[in-house]
Amino acid sequence: MNKDKWYNSNWTIGLVCSSLLPIILTFIVDFIKKIPILSTLQSLITESIELIRYCLNYEVTIGNILLSFLFLFVFLIIFKYFYKSQSNEKPYFLEYNNDNIKSFYWTWDWVVDQNTGKYAISNLKPHCPKCNTNLIINQSLYRNPEYECPRCNFETQVDVNFKRKIEIIIIDNINRMKKEENK
Ligand SMILES: [Zn+2]
C-alpha cells in the first residue's frame, strides 16, 4: 500500500469528522434537552459531550476522534435503553378491564393481537346481576345465546351479537376517554 495515500486518506477522514462532529454534537445536546429523562443522566450526557467538544477544539487527533466516537457509541446505547423503556410504557386503557354495560357487570383482559400488534379484548365475561358469579354462556346454532348462573340459577336469553356489541361499547368508551383527555 502507498504510504502517502494511506496518510492522506486518514487525514481527510479526520478533517471531515472533526468538522462534522461539533454540528452533530450540538444537535444531540439540543435533542437530549427535549427528552424527559432523569436530569442527572441528562447532565451526565451533555457534560460528556461538552468534554468531547473541548477535546476537539483543543487538538484534532485521531485519538480524540476515536474518543468522540466512543462517547457517541455509549450515548447511543444509553439513549436506546431509555427510548426502549419509555416505549414499553403500557397504554392507560389497560386499567379499564371491567364495567357495567347493558344490565351486566363485565370483566375482560387485554392481549396483544399477534397479527396486528394492537391490544385486543380477550376473555370477556358477563357476571350474574344477582350474585356476581361468572355466567355460563350456552351457545346454540338454533337459539339465541343463553346466560346461566351456576350459583343462583339466574337465566336469561340475549341476542346473537350481544357480546360483540359489548366489545364495541368498550372500545367506544376508550375513544371517548381519549377525547375527554385531549380536551
Ligand atoms: Zn347468580
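Described below are features of the structure shown in this document. (Residues numbered from 1 in each chain as written. Predicted model: local features only at pLDDT ≥ 70, side-chain atom pairs only at ≥ 80, totals over all residues.)

### Structural notes on the overall build of the chain
From N to C terminus, the chain includes four helices and six strands. Scanning the chain from its N terminus toward the C terminus, one meets helices and strands in the order α-α-α-β-β-β-β-β-β-α. Each of the 183 residues in the chain was classed as buried or not, and the buried ones make up 9%. Taking contacts inside the chain between residues at least 6 apart in sequence as the whole, the part at least 24 apart equals 32%. (Helix = DSSP H or I, 4+ residues; strand = E, 2+ residues; numbered from the N terminus. Buried ≥ 20, exposed ≤ 12 C-beta atoms within 10 Å, placed from the backbone. Contact = placed C-beta atoms within 7 Å.)

### Looking at the pairing of strand E2 (residues 104-112)
Of the pairings in the sheet, the one linking strand E1 (residues 98-101) to E2 comprises four bridges and is antiparallel in character. Among the inter-strand pairings, Asp99 is bridged to a residue of E2, identified as Trp106. As consecutive antiparallel partners, E1 and E2 are separated by two residues, and within that stretch Lys102 has a phi angle of approximately 50°, a positive value. Relative to strand E3 (residues 119-127), E2 runs antiparallel, the two sharing seven bridges. Following the sheet pairing, Val112 is matched in E3 by Tyr119. (Pairing = 2+ DSSP bridges.)

### Looking at the sheet that holds E3
Strands sit in the order E1-E2-E3 across an open sheet of three strands; the sheet is antiparallel. Strand pairing shows two members of the sheet lacking a second neighbour, E1 and E3, which therefore form its edges. Averaged over all neighbouring strand pairs, the angle between strand axes comes to 35°, with direction disregarded. (Axes fitted to C-alpha atoms, helices over the stretch in contact; angles between N-to-C directions.)

### Digging into the sheet that holds strand E5 (residues 146-148)
Remark on secondary structure: sheet strands pair via backbone hydrogen bonds, oriented parallel or antiparallel. Strands sit in the order E4-E5-E6 across an open sheet of three strands; the sheet is antiparallel. This sheet does not close on itself; its edge strands, each paired only once, are strand E4 (136-138) and strand E6 (155-157). On average, each strand axis in the sheet is inclined to that of its neighbour by 20°, with strand direction left out of account. The pairing of E5 with E6 spans three bridges and is classified as antiparallel. Note on E6: the bridge partner recorded for Glu148 is Glu155.

### Focus on the nonpolar core
By size, the foremost hydrophobic cluster in this structure holds five residues: Leu21, Leu25, Ile45, Ile49 and Ile52. Those elements that provide at least two residues to this core are helix H1 (3-34) and helix H2 (39-58). It is H2 that contributes the most residues to this core, three residues altogether. (Core = buried A, V, L, I, M, F, W, Y, C linked by C-beta atoms within 7 Å.)

### Quick notes on the environment of Cys128
Its location among the elements puts Cys128 in the loop between E3 and E4. Remark: the alpha-carbon pair of Cys128 and Glu148, spanning 20 residues in sequence, is separated by 8.0 Å. Sequence-distant contacts of Cys128, defined by excluding residues within four places in its chain, comprise Thr133, Leu135, Cys149, Arg151, Cys152 and Phe154.

Spatial relationships are all this shows, so hold off on functional conclusions.
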